[in-house]
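Here's the letter readout for the chains.
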Amino acid sequence: MELILFNKFKYLSKQKLTSEKNLLYLAEWCLGKEHLFNKKNRKILIKNNTKNKIQNNYNELYKIYKEFLNNLSYSLNSFHGLNLSRRAWEILIGRWLWLYLDTIKIRWDLVNLIQKNKYKKIYSLDVFKKKLITLSSVDIARLSQNSEVWNIGILNEIILFKKIKNLHLIPTNKINNDEFIKRKKLNLSYSKYMRLNKINRKLFLYNLDLSQKEKIELLLKNAQFPVLPKNKNYIISPEINDFERLRFKKLFKFKYEKKNMLRFMYDFLPNIFPSIYLENYKNIDKISYKNNWPKNPKFILSSYGHYIDEIFKFYLSRSVSQGSKYMIFQHGAAGMYKNHMGQFFEERICDYYFTWGWKKSKKNIPFCVTKKISINQENKIFRNKNILILIYQMPLMPIKTAYGNSNFSILNKHYTEFLMKFLESIKPKIRKNIFLKSLNWYKPFIQLETIKNKFKEIKTLKSIKKVHEISNDYCLTIETYLSTAFLESMYQNRPTIILLDENMTNLDLQAEILFKKLKSVNICFTDLKKAAQFISKNKLDLEKWWNNDKLQETRKEFCNKYARNTGNRLNLLLNELNKIIYEK
């Protein structure tokens, strides 16, 4: 048997490999959307079943993360001649580091499965090592989730490190067509303020998910000058300095001789570590100084700044080192999962974490939904006939999701079959009133095309508006994946059901209890046929179902924990800030 690691239909035009009966595909990305669902029964090594699933071991990864963070903090301080704390470095590199370790861990497990069998040949693409360099935390997220070429390059490096025999690297210029690899520059976006912003030494609001009116009032009530920002961009080149890389590699040492996964992680990291933390560090740090951001404000409040804004992260790292307190406001689904990478990272770097109602640690302050969302106070939605179904594109390549909630590292086929099974259970008359809205998190979008090819009567929306902005035009919203949009619909009090696939969910005990209550009032379904039957039976009488006293009581209980509405949230925020400011 011969094994192939890439999509031969995409990268090989005339060159032929062995016959299909002797060829084994590593995983579903090797087939692509054109061949994944056709009738030919091609053999795949890694499937979504209990035998071959890749285990999610957060405890193991967390231990590795802490060790790497300590060593990287020391090495980067030596490299740049600095004395930043571990927390300051975690603000800068924490998200990138977690994604790097998670990516390598899953691919190492894949190669272990390959190693269990002796293949006559293992076919892969010849990927130049320098193409694997990452530019930022956002860049490694895009590459690890979407780029077949980048991921094949990582698999090649692990196979070579483990000295697995019979690896055949096939050269092709087509790898240069990978849009995620061929980027020629990195665009860093940030918010720039006018000079008056420098005087705001008490509160600095940066990319905070409140309305402009609320932000202005918040500043004024704290004797701060209300200044609105403008978006700016800083472009850096992806070029690396070989001499500087070598110097960093000498500083970033690994003390163990055994050739295991940890050794590979250490040896390989300097080759793809982002240039913004090495070659471009001083330039970006200088820009973060030049902005009109207040020097060492008492409190910095943000929803998204620490997540993808690299220039702000430099400012934040410096500010918390000099005594500023950092407050993060929940900006999406969180609090209900056993493992949630975003929440894990945010709670480590902040001083206070304002949640949408839940409390799990001392840093958590139960607050409310901060997004600018209107609450449904009309019954006109029940007069609509159309149904809105939200579908999501799962990552092409194997990753744990932001929630760490999947038993499977490869979800596209599984999720697509889940959607198809549900739509097949819906009566054709009702399918005519279905509109699909796709949330294109990743590329390519396999689910949408597969559904459109089979169900011609189902329509698709091309609106760029968010779900909470359009759901009032539909009598029912159906969520097919537990995400922020479901919490927003519950918060808005708009008729909603969620199809909960337990293979794609990792709820904690408290959330499980509440979702069982949602099942009892037909908001949550784990049985797709029962969900279809419920829709067929109740489509003409959704108002009676949704306004039922027991359902509304259950919805309010759920929202009080995960999507709270407090009325005047600004007054609540001012009270919580006063408690913190005067707590000593």
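Criteria and cut-off values
Residues numbered from 1 in each chain as written. Predicted model: local features only at pLDDT ≥ 70, side-chain atom pairs only at ≥ 80, totals over all residues. Heavy atoms only, no water. Helix = DSSP H or I, 4+ residues; strand = E, 2+ residues; numbered from the N terminus. Phe/Tyr/Trp six-rings, centres within 6.5 Å; stacked < 30°, edge-to-face > 60°. Pairing = 2+ DSSP bridges. Expected span 1.5 Å × (residues − 1). pLDDT = per-residue confidence, 0-100. Contact = heavy atoms within 4.5 Å.

**Topic: unusual backbone geometry**
Here's step 1: You will see that Asn207, though not glycine, has its phi angle at about 50°, which is positive.
Here's step 2: Mapped onto the elements, Asn207 comes out in the loop between β7 (203-205) and α7 (212-221).
Here's step 3: Backbone geometry places Asn296, a non-glycine residue, at a positive phi of 50°.
Here's step 4: Looking at where Asn296 falls in the secondary structure, it is placed in the loop between α10 (281-290) and β9 (299-302).

**Brief notes about the packing of aromatic side chains**
Here's step 1: Inspection of every chain in the model, using the stated rule, returns 47 aromatic pairs.
Here's step 2: Pairing Phe9 with Tyr25 gives two aromatic rings, centres 6.4 Å apart and planes at 15°, and the pair type is stacked. Of the two residues, Phe9 sits in helix α1 (residues 8-11) while Tyr25 sits in strand β2 (residues 23-25), which places them 16 residues apart along the sequence.
Here's step 3: Centre to centre, the rings of Trp89 and Tyr281 are 5.8 Å apart; their planes meet at 40°, and the pair counts as tilted.

**Some remarks on the sheet that holds strand β1 (residues 2-4)**
Here's step 1: The sheet built from five strands is open, its strands ordered β3-β2-β1-β4-β5 with parallel pairing. Edge positions in the sheet fall to β3 (43-44) and β5 (167-170), since each has one partner strand and no second.
Here's step 2: Note that β1 and strand β4 (residues 122-125) share two bridges and pair parallel. Paired with Leu3 across the two strands is Ile122, which belongs to β4.

**Considerations on helix α6 (residues 148-161)**
Here's step 1: Helix length check: α6, at 14 residues, gives a terminal C-alpha distance of 20 Å against a target of 20 Å (1.5 Å per residue), a fit within 8%.
Here's step 2: In the stretch just after α6, Lys163 is the one whose phi turns positive, near 55°.

**What to know about the sheet that holds strand β17 (residues 496-499)**
Strand pairing in a sheet is mediated by backbone hydrogen bonds. Such pairs are either parallel or antiparallel.
Here's step 1: In space, the six strands of this open sheet follow the order β15-β14-β13-β16-β17-β18, with parallel pairing throughout. A strand with exactly one partner marks an edge of an open sheet, and here the two such strands are β15 (459-460) and β18 (524-525).
Here's step 2: Where strand β16 (residues 476-479) lies against β17, three bridges are found, and the strand directions are parallel. Directly across from Thr477, in β17, lies its bridge partner Thr496.

**With respect to the confidence of the model for the protein**
Here's step 1: Taken as a whole, the protein shows an average pLDDT of 86; of its residues, 91% reach a score of 70 or greater.
Here's step 2: Here helix α2 (residues 32-36) is the element of the protein with the lowest mean pLDDT, 68, and helix α22 (residues 549-562) is the one with the highest, 97.
Here's step 3: Scored below 50 in pLDDT, residues 49-54 makes 13 contacts in the model with residues more than four places away or belonging to other chains.

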